[in-house]
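Fold and geometry: a report
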Amino acid sequence: MPTAVLIDGGYFIKRFRRIEPENAYNAPRAADQAHRWALAHLRSPTGETRNLYRIFFYDCPPLLKRMHNPISGQCVDYSRSPEALFRRELHEKLRQMRKVALRLGHLTDFNTWSASPGVLDDLLKGRRCFADLAAEDVHPVIRQKGVDMRIGIDISSLALKRQVRQIILMAGDADFVPAAKLARREGVDFVLDPMWSAIPQGLVEYIDGMRSVCPRPQKKDRTLENAALGIAGG
């Protein structure tokens, strides 16, 4: 059974950092775990071994702009930020891996500024005022473009060209549903790996199974058990 593993990079990085917070900016470790966890899907819970078609990793280049912080007025070079360095090294490591295809979208040209939910909550409840905000309380809002489209196109292409009989998607939202429905109509076994995170209600009717192979985070996200463990993995 040829199997393709598709990884939503932005989602994977968030979950990887929940699972291994001590390696949050360790790009070689993130690339290695993405590859390792993808390959773990080639052995089913019943012991059946499948053939790997390819691993697809979808992400965007990091923010490389210079932007002026609206609180301090200081110019910040985001190309030198820990996140930018991490993403660029991660992408380079993935490019060098066998049977891995890196699919990159792009960032929108317009970036705004926002504050963390905790800061916004304090402002709305009157615990803080705008005059009290510090430079570190705000951050640029980065919007990705083209990632979901590339995932959908690849799912459709793999199914319609009969290149695989199974697709594993490591993601956690419902954007892939139209492509998943097409793949299932073409006879492809479609399995979701939410990496132990809860998924939107009703999503299970559009997949053939759900199975997480990475370690479960030690804290939070325990509500998945109520929804996921009753669904047979692919």
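Residues numbered from 1 in each chain as written. Predicted model: local features only at pLDDT ≥ 70, side-chain atom pairs only at ≥ 80, totals over all residues. Heavy atoms only, no water.

**Regarding the pattern of salt bridges**
For clarity, the cut-off: Salt bridges are defined as contacts in which a side-chain nitrogen from Lys or Arg sits within 4 Å of a carboxyl oxygen from Asp or Glu. Only DSSP runs of H or I covering at least 4 residues are called helices, and only runs of E covering at least 2 are called strands; the numbering of each starts at the N terminus. The buried label applies to any residue whose accessible area, calculated with a 1.4 Å probe on protein chains only, is under 20% of its type's maximum; exposed applies above 50%, and partly exposed to all values in between.
A complete count under the given rule lists 15 salt bridges for this structure. Measuring nitrogen to oxygen at the nearest pair gives 2.7 Å for the salt bridge that ties Asp-32 to Arg-36. Note that Asp-32 and Arg-36 are positioned in helix 2 (residues 27-40) at a spacing of 4 residues, about one turn of the helix. Of the residues examined, Arg-36 reaches a relative accessible area of 47% and is grouped as partly exposed.

**What to know about helix 2**
Operational definition: Multiply 1.5 Å by the residue count of a helix minus one, and that product is the helix's expected span. Residue contacts are defined here by distance: any two heavy atoms, one from each residue, within 4.5 Å place the two residues in contact.
For helix 2, which comprises 14 residues, the first-to-last C-alpha distance of 20 Å matches the rise-based estimate of 20 Å (1.5 Å per residue) to within 8%. Packing partners of the buried residues in helix 2 comprise strand 1 (2-8), helix 1 (9-19), strand 2 (51-59), helix 3 (82-95) and strand 10 (166-170).

**A word on the confidence of the model for the protein**
The cut-off we apply is this: Known as pLDDT, the predictor's confidence for each residue is given on a scale from 0 to 100.
Residues of the protein with pLDDT of at least 70 account for 94%, and the chain-wide mean is 90. Across residues 221-234, confidence stays below pLDDT 50; counting only partners more than four residues off in sequence or on other chains, it has 26 contacts.

**Some remarks on the nonpolar core**
Note the following rule: For our purposes a nonpolar core is just a set of buried Ala, Val, Leu, Ile, Met, Phe, Trp, Tyr and Cys residues, chained together by side-chain atoms within 4.5 Å.
By size, the foremost hydrophobic cluster in this structure holds 31 residues, and its most contacted members are Leu-6, Ile-155, Ile-167, Leu-169, Phe-176, Phe-190 and Leu-192. At the level of secondary structure, the elements contributing two or more residues to this core comprise strand 1, strand 2, helix 5 (147-160), strand 10, helix 6 (177-185) and strand 11 (189-193). With 5 residues, helix 5 is the largest single contributor of residues to this core. Not counting residues up to four positions away in its chain, the partners in contact with Ile-167 are Ala-4, Leu-6, Ile-155, Leu-158, Val-188, Asp-189, Phe-190 and Val-191. One finds Phe-12, Leu-94, Val-100 and Ile-168 within the second-largest nonpolar core, a separate group that totals 28 residues.

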